[in-house]
Structure formats: structure tokens, C-alpha cells
Amino acid sequence: MSKDIVKKEQQEVVHSGAENLNDEGTAYSPNADVYLSEEDALFVFDLPGVEKGDVNIQVDEENTLTIRAKNSHLSPDVPSMKEYTEGNYYRAFKLGTEFDKNKIEAVMENGVLRLTVPKKEEAKPHKIEINA
Amino acid sequence: MFMYGNPLAELERMQREMDSLFTHLGRKTHRFPPVNLYDKEEDIIAEFIIPGLTKEEIFISVENGTLQVKGERKNGIDTEKYEQIREERNAGTFSRTVEIPVAIDVNKVGAELKNGILTITMPKAEEAKPKQISIN
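Residues numbered from 1 in each chain as written. Chains lettered and ligands numbered in written order. Predicted model: local features only at pLDDT ≥ 70, side-chain atom pairs only at ≥ 80, totals over all residues. Heavy atoms only, no water.

Caption draft 1: Region of the structure containing the interface of chain B and chain A. In this complex, chain B contributes 41 residues to the contact, which on the side of chain A involves 44 residues. Here chain B and chain A share 10 salt bridges between them. Salt-bridge contacts for D46(A) lead to R89(B); the nearest nitrogen and oxygen are separated by 2.8 Å. Linking chain B with chain A are 27 residue pairs in polar contact (both at pLDDT 80 or more). Only helix 1 (7–25), strand 1 (35–39), strand 2 (43–49), strand 5 (83–86), strand 6 (92–99) and strand 8 (117–123) of chain B provide two or more residues apiece to the side of chain B that touches chain A. Examining the composition of the side of chain B that touches chain A, we find that five residues originate from one element, strand 1 of chain B, more than from any other. Bridge count for strand 3 (residues 32–36) of chain A against strand 5 of chain B is three bridges, and the pairing is antiparallel. Its bridge partner lying in strand 5 of chain B, V34(A) is registered against R86(B). (Contact = heavy atoms within 4.5 Å. Salt bridge = Lys/Arg side-chain N within 4 Å of Asp/Glu carboxyl O. Polar contact = N/O pair within 3.5 Å; in protein donor to acceptor, adjacent residues only side chain to side chain. Helix = DSSP H or I, 4+ residues; strand = E, 2+ residues; numbered from the N terminus. Pairing = 2+ DSSP bridges.)

Put into C-alpha cells, the structure is as follows:
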């Protein structure tokens, strides 16, 4: 089990640099937390400035999970003090084959996207009850 | 006789300055939440990048020319169920203070939270606004 996790970590496709996103400006790699349980994986992305409808989530044939999000909070003004660069978001993770890409659940709240990716039924551990 | 200071100390000081410069230029800072400050004609606007918090979880105060934003970012994860395999998002209590560069009207400060961005609008005090002077 823990070996699988390490493998997934190494396989991860991380786009940390800027990349064009549909010519709508520069895309940044959003910070992400990833959790794993026996039944599913949970991805949490910080997507400040993104409206609920402006997130595009895809999983391709290679099981690569891709998040693209449009930031609607882009200020036309130049800040006098700047700690943060506004832009759209792009990030991709490689999923293991044990995950069911057809059953991903997404919740967007307060600029945070949570994705629950369940494991396929056959990949879940079988719980055996002890009778008496 | 007067001697120059330790050249190594001088290098260290330069390094620190460079570090802080890059911290300001780059997107990632160690401080949470990061803030952008806008100096507009009528207002000073501070934007805190604070995803995941509700307005009830954020505390804002203005005192002696300083703006303070504090609270706690909880990840709300069932730790019994989940094992964390990647951690990039800041969690826990935070407190940020920002110097307000000009005099403001403290009674008219407004705050709005939308999609994880907290915008605090601080109207400038009359004496701090730019004055148009006409030639007679």
C-alpha cells in the first residue's frame, strides 16, 4: 500500500511554471494537499478568485487528472506592494489505475476545490466480519 | 583608525535584502495570507489571498495606522480516515499586519470576501487625498 503511494508521488506531473491557458493569460500551479484512504483519494486545491463554473476537470486515457481554472479576480491596477501574482490555474496529477475516473466528485467553496476520486470496487479492501 | 565592518556580515546583509526582494517579487511567500496593496486616488485597497475561510472565521482590525487580519485555517479532514501524502497549503492560525501608508478614515473601512479573496477598502482621510489646484 505505502509503496503505491510513493510510486504515485514520483509519477506526478507537476507544472510549476507558467503556462498559457487558452490565451487568457498566465497560468500558475495552485497549491494542493493530497490525502489517501482505503476507499478514495482526496485532492484539495487553493483556487482563489475562481467562480464555481470556471473550473475544468478532466481525466484522460492515461489517467492524468487535469485541473484548469479561470481566475475572474484580475486587477487592472499595479499594486504598490505585491506578494501575490494573479493568474489562471493549471495543475495535473497522474492517477493510479485503481481509481475510478468516472466517479469523481467535485466541491468548490470559498476558492477551494475538493476532488474525491474513489477507488474501483475491486481495488477496495474487503472487510471480513468476524462471526462469534 | 576607522575600519570597514566585517565584509562577510556585509555580504550576509545583502543576501537578506535579496531574499526579501525575491519574496516580494515571487508568488510564494512564507507568510500567510499573502497580500497585495493598491494605492488608489480615493482609497487604499488591501487584497488578502485567503482561500477556504468563511467570513465568520476572519478577524479584521485597524489600529494606529496598521491593518491586522487574523484567524485560523482548518483543513477539515477526517484524520482517522485519511493519510496525508502531499502538503502544500498552509493550515493553522495566522496573523498578518500591514502598515497603512497614508491616513485613512477608520470609520469607513469596508471588507468583502469572495471566492477566497478578502478585499479591504480603506478610504483615505481628506488630507491624504490628492488635491487639484487650479490656476487663477
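What follows continues from the structure just given.
Caption draft 2: Representation of the nonpolar core within the structure. Counting 24 residues, the largest nonpolar core has F43(A), F45(A), L47(A), V55(A) and L113(A) as the members making the most contacts within it. At the level of secondary structure, the elements contributing two or more residues to this core comprise strand 3, strand 4 (40–46), strand 5 (50–59), strand 6 (64–71), strand 7 (88–94) and strand 9 (112–118) of chain A. Those residues in contact with F43(A) that sit more than four places away from it in its chain are D33(A), V34(A), L65(A), F93(A), L95(A), L113(A), R114(A), L115(A) and V117(A). The next biggest cluster of nonpolar side chains, apart from the first, holds 18 residues, and it includes L37(B), I50(B), L67(B) and F94(B). (Core = buried A, V, L, I, M, F, W, Y, C linked by side-chain atoms within 4.5 Å. Buried < 20%, exposed > 50% of the residue type's maximum accessible area, 1.4 Å probe, protein only.)

Caption draft 3: Local environment of the confidence of the model for chain A. Here chain A averages 82 in pLDDT, and 80% of its residues register 70 or above. Of the regions scoring below 50 in pLDDT, residues 1–24 of chain A engages in 43 contacts with residues more than four places distant in sequence or in other chains. (pLDDT = per-residue confidence, 0-100.)

Caption draft 4: Representation of the packing of aromatic side chains within the structure. One pass over the structure, following the stated rule, counts five aromatic pairs over all chains. When the ring of Y35(A) is compared with that of Y82(B), the centres are 6.2 Å apart and the planes differ by 65°; the resulting orientation is edge-to-face. Linking Y35(A) in strand 3 with Y82(B) in the loop between strand 4 (66–73) and strand 5, this pair reaches from one chain into another. Given the relative accessible area of 3%, Y35(A) is considered buried. Pairing F43(A) with F45(A) gives two aromatic rings, centres 6.3 Å apart and planes at 5°, and the pair type is stacked. Just as F43(A) is buried, F45(A) falls in that class too. (Phe/Tyr/Trp six-rings, centres within 6.5 Å; stacked < 30°, edge-to-face > 60°.)

Caption draft 5: Up close: the pairing of strand 8 of chain B. Residues and elements named next belong to chain B. Burial runs high along strand 8: six of the seven residues are buried. The pairing of strand 2 with strand 8 spans seven bridges and is antiparallel. Looking at the pairing, D43 lines up with P123 of strand 8. Looking at chain direction, strand 7 (residues 110–114) and strand 8 are connected through five bridges and run antiparallel. The partner of E112 across the bridge, within strand 8, is T119.

Caption draft 6: Structural context of the sheet that holds strand 2 of chain B. All names here are of chain B. Across the sheet, which stays open at both edges, the four strands sit in the order 1-2-8-7 with antiparallel pairing between neighbours. Edge positions in the sheet fall to strand 1 and strand 7, since each of these pairs with one other strand and no more. Direction aside, the axes of adjacent strands within the sheet are offset by 15° on average. (Axes fitted to C-alpha atoms, helices over the stretch in contact; angles between N-to-C directions.)

Caption draft 7: Focus on the pattern of salt bridges. Overall, the coordinates contain 18 salt bridges over all chains when judged by the stated rule. Members of the salt-bridge network, linked through shared partners, are D33(A), D46(A), R73(B) and R89(B).

Caption draft 8: Structural context of the sheet that holds strand 6 of chain B. All names here are of chain B. Strand order in the open sheet formed by three strands is 3-4-6, and the pairing between neighbours is antiparallel. The sheet terminates laterally at strand 3 (58–63) and strand 6, the two strands that pair on one side only. Neighbouring strand axes in the sheet, compared pairwise and without regard to direction, differ in orientation by 15° on average. Bridging between strand 3 and strand 4 involves six bridges; their strand directions are antiparallel. Pairing of I58 across the sheet is with G71, part of strand 4.

Caption draft 9: Seen up close, unusual backbone geometry. The peptide bond linking F32(B) to P33(B) adopts the cis configuration, its omega dihedral lying at -10°. Secondary-structure assignment places P33(B) in the loop between helix 1 and strand 1. Even without being a glycine, N63(A) presents a positive backbone phi close to 65°. Topologically, N63(A) is positioned in the loop between strand 5 and strand 6. Judged by its relative accessible area of 10%, N63(A) falls in the buried class. Of note, the phi angle at N115(B) is positive, near 50°, even though the residue is not glycine.

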